Every structure is written in C-alpha cells, then in structure tokens.
Amino acid sequence: MSGWLHVITEGTLGAISIAMLFSLHRLVRGPSLTDRVVALDLFSLQTAAVITVYALWVGQPELVDVALVLAVIGSMGTLVIARYLYSAGKGHR
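Residues numbered from 1 in each chain as written. Predicted model: local features only at pLDDT ≥ 70, side-chain atom pairs only at ≥ 80, totals over all residues. Heavy atoms only, no water.

**A short note on the overall build of the chain**
Part 1 of the reasoning: The helix and strand inventory of the chain stands at 3 helices and 0 strands.
Part 2 of the reasoning: Counting helices and strands in the order they occur from the N terminus, the chain gives α-α-α.
Part 3 of the reasoning: For the chain, the C-alpha radius of gyration of 16 Å lies well beyond 12 Å, the compact-globule estimate for 93 residues.
Part 4 of the reasoning: Overall, the chain is about 55 × 25 × 15 Å in size when its C-alpha atoms are taken along their principal axes.
Part 5 of the reasoning: The 93 residues of the chain split such that 22% are buried. (Helix = DSSP H or I, 4+ residues; strand = E, 2+ residues; numbered from the N terminus. Rg over C-alpha atoms; globule rule 2.2 N^0.38 Å. Buried < 20%, exposed > 50% of the residue type's maximum accessible area, 1.4 Å probe, protein only.)

**Digging into the packing of helix H2 (residues 33-58) against helix H3 (residues 62-88)**
Part 1 of the reasoning: For the pair H2 and H3, interaxial distance at closest approach is 8 Å and the crossing angle is 175°. Viewed along their axes, H2 and H3 adopt a mutual orientation that is roughly antiparallel.
Part 2 of the reasoning: Of the residues assigned to the contact of H2 with H3, the class counts are 16 nonpolar, 7 polar and 1 charged. (Axes fitted to C-alpha atoms, helices over the stretch in contact; angles between N-to-C directions. Parallel < 35°, antiparallel > 145°, perpendicular 65-115°, else oblique. Nonpolar A, V, L, I, M, F, W, Y, C, P; charged D, E, K, R; others polar.)

**Digging into the packing of aromatic side chains**
Aromatic rings considered in pairs are described by the distance between their centres and by the relative angle of their planes.
Part 1 of the reasoning: The tally for this structure, following the rule as stated, stands at 1 aromatic pair.
Part 2 of the reasoning: Note on Tyr54 and Trp57: the rings are 6.4 Å apart at their centroids and 85° apart in plane angle, and the pair reads as edge-to-face. One end of the pair, Tyr54, and the other, Trp57, are both in helix H2, 3 residues apart, so they sit about a helical turn from each other. (Phe/Tyr/Trp six-rings, centres within 6.5 Å; stacked < 30°, edge-to-face > 60°.)

**Quick look at the UniProt feature "transmembrane region" (unreviewed entry) in the chain**
Part 1 of the reasoning: The residues that UniProt annotates with the feature "transmembrane region" (unreviewed entry) are residues 6-25, 37-57 and 63-86.
Part 2 of the reasoning: For residues 6-25, helix accounts for 100% and strand for 0%, while the C-alpha atoms at its two ends are 29 Å apart.
Part 3 of the reasoning: Segment residues 37-57 splits into 100% helix and 0% strand. End C-alpha atoms: 30 Å apart. (UniProt positions renumbered as here; feature names shortened; annotations may be inferred.)

**With respect to the environment of Thr78**
Part 1 of the reasoning: Within the secondary structure layout, Thr78 lies in helix H3.
Part 2 of the reasoning: Here the alpha-carbon distance between Thr78 and Val37, two residues 41 residues apart in the chain, equals 6.6 Å.
Part 3 of the reasoning: In this view, Thr78 contacts Val37 and Asp41; residues no more than four positions away in its chain are not counted.
Part 4 of the reasoning: Within the structure, the side chain of Thr78 is placed 3.0 Å from the backbone oxygen of Gly74, a separation counted as a polar contact. (Contact = heavy atoms within 4.5 Å. Polar contact = N/O pair within 3.5 Å; in protein donor to acceptor, adjacent residues only side chain to side chain.)

**Describing a nonpolar patch on the surface**
Part 1 of the reasoning: Together, Leu21, Leu24 and Val28 give the surface a local cluster of nonpolar side chains, amounting to about 290 Å² of exposed area.
Part 2 of the reasoning: With relative accessibility at 58%, the residue Val28 sits in the exposed group. (Patch = residues over 30% accessible without salt bridge, like charges linked within 9 Å, V, L, I, M, F, W, Y side chains within 5 Å. Areas by Shrake-Rupley, 256 points an atom, 1.4 Å probe, with all protein chains shown as cover. Salt bridge = Lys/Arg side-chain N within 4 Å of Asp/Glu carboxyl O.)

Encoded structure:
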C-alpha cells in the first residue's frame with residue numbers, strides 16, 4: 001500500500017473509532033429504549049465500516065463479505081426491535 005493510502009486508512013479508522021465512542025456512550029446512557037436501539041444499529045454499522053477499512057488496509061477483500069453480513073443482520077435486528085416496540089406501544093410518545 002502506498003504511503004498516502006496508509007495515512008488515509010489510519011485517519012479513517014481513527015475517525016470511525018471516535019464516532020463509535022459517541023455511539024457507545026448513547027447506547028449506555030440512553031435516555032430511552034429507542035435511543036439505545038438506534039445507537040446499537042449505528043454501532044453495528046460503524047463496526048462494519050471498521051472491518052471494511054481494515055480489509056483495505058491489509059489487502060484482504062474477503063473481509064468485506066463479513067462486514068456486509070454484519071450490516072445486514074444489524075439492520076434487520078433493528079427493524080425487528082422497532083416493530084416490537086411499536087406493537088408494544090412504547091415506540092411513540
């Protein structure tokens with residue numbers, strides 16, 4: 001990998017890591033259950049982004065498949081939880 005691409009991937013990993021800390025903070029602190037569900041979905045998508053950038057960094061395109069599966073499963077889980085919260089009457093104020 002060339003020097004500038006190495007710097008860009010390191011910077012991207014750092015930026016996503018900082019964003020993951022904010023998402024983790026919202027996941028732990030709440031205040032509501034819906035906020036935590038959205039934070040969990042965002043955290044799973046950020047994890048998929050980290051895996052994708054890492055795959056570029058180490059030159060293993062097979063890891064992108066793992067990131068895609070994680071993103072789809074995380075989003076599907078969020079839809080299931082949102083549907084449950086809506087049917088339980090807790091999804092709206």
